[in-house]
Amino acid sequence: MAEAERIIGTPDTPDDGGEETAAPGESGAEQQRTGDERRPGRGRRIAVLFAVAAFAYALDLVSKMIVVAKLEHHASIEVIGDWLEFHAIRNPGAAFGFGGAFTIIFTVIAAAVIVVIFRLARKLYSFPWAVALGLLLGGALGNLTDRIFRSPGVFEGQVVDFIAPKGFAVFNLADSAIVCGGVLIVLLSFRGLDPDGTVHKD
């Protein structure tokens, strides 16, 4: 989160290496906004972010609807022998069943993640970051939808999980999207690539 806030607050550097001069009567905020608008590619990156998020969210939502309608209260379905099964459960906790007593806290965290992603989108000029943030956004929205609309009540709803590998916690496609997005962010950070497209070496 600290790294994200650092990036959000970092002003863009003009491409020509020179210093932009504000027009008469133009505030620093207006000058910064004008500089952002002149940089190419942000609109496309934001479109990628929301396209990936929409795909991940829709996939998670449809899969949960099918599971609730066809699998809940029924026997598990073997996908790869006993190594991988589809087994519907309701999870009040975080991803992979952790923290079942803190449903409301995880709901707040998911909402906070979504807000941070929207703030990061203002400085987004990197395609890999767009994909990573899109996965995080889609996954967070998927589980947050369960928290809000499923029983036992608003902000306390239990998440539908159904992917059950042998010897591992049961999870869903939203959890998978969150994990994949998080792993991609770690890899991008190791490479020194920031959401604004700059590359730094520590």
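The coordinates are above.
Please read these numbers as outputs of a predicted model, since none were measured by experiment.

(A) Representation of the overall build of the chain within the structure. Within the chain, the regular secondary structure consists of six helices and three strands. In the chain, the order of α-helices and β-strands from amino to carboxyl end is α-α-α-β-β-α-α-β-α. Of all 202 residues assigned to the chain, the portion counted as buried reaches 37%. Just so you have it, the chain exposes about 11,400 Å², and 67% of that area is on carbon and sulfur atoms.

(B) Summary view of helix 6 (residues 173–190). The terminal C-alpha atoms of helix 6 lie 26 Å apart, and with 18 residues this matches the ideal 26 Å at 1.5 Å per residue to within 8%. On its buried face, helix 6 is in contact with helix 3 (42–70), helix 5 (127–149) and strand 3 (159–165).

(C) Structural view of the environment of glycine 197. Locating glycine 197 in the fold gives a position in the segment after helix 6. Put simply, glycine 197 and phenylalanine 127 are 70 residues apart on the chain and 8.4 Å apart in space, counted from C-alpha to C-alpha.

(D) Here's a closer look at the sheet that holds strand 2 (residues 84–91). What the three strands build is an open sheet, ordered 1-2-3; its pairing is antiparallel. Two strands close off the open sheet at either side, each with one partner strand: strand 1 (77–80) and strand 3. In this sheet, adjacent strand axes meet at a mean angle of 40° when their direction is disregarded. Two strands pair when backbone bridges link them, and strand 1 and strand 2 are joined in this way by three bridges, in the antiparallel orientation. The partner of glutamate 78 across the bridge, within strand 2, is glutamate 85. Where helix 3 meets the sheet, it contacts strand 2 and strand 3, and its direction lies at approximately 85° from that of strand 3.

(E) Region of interest: the packing of aromatic side chains. By the definition in use, this model includes three aromatic pairs. Taking the centre distance of 5.7 Å and the plane angle of 75° together, the rings of phenylalanine 86 and phenylalanine 162 count as edge-to-face. Of this pair, phenylalanine 86 sits in strand 2 while phenylalanine 162 sits in strand 3, placing them 76 residues apart in sequence. Ring centres 6.2 Å apart and planes at 80° place the aromatic pair phenylalanine 168 and phenylalanine 171 in the edge-to-face group.

Quick notes on the rules
Residues numbered from 1 in each chain as written. Predicted model: local features only at pLDDT ≥ 70, side-chain atom pairs only at ≥ 80, totals over all residues. Heavy atoms only, no water. Helix = DSSP H or I, 4+ residues; strand = E, 2+ residues; numbered from the N terminus. Buried < 20%, exposed > 50% of the residue type's maximum accessible area, 1.4 Å probe, protein only. Areas by Shrake-Rupley, 256 points an atom, 1.4 Å probe, with all protein chains shown as cover. Expected span 1.5 Å × (residues − 1). Contact = heavy atoms within 4.5 Å. Pairing = 2+ DSSP bridges. Axes fitted to C-alpha atoms, helices over the stretch in contact; angles between N-to-C directions. Phe/Tyr/Trp six-rings, centres within 6.5 Å; stacked < 30°, edge-to-face > 60°.

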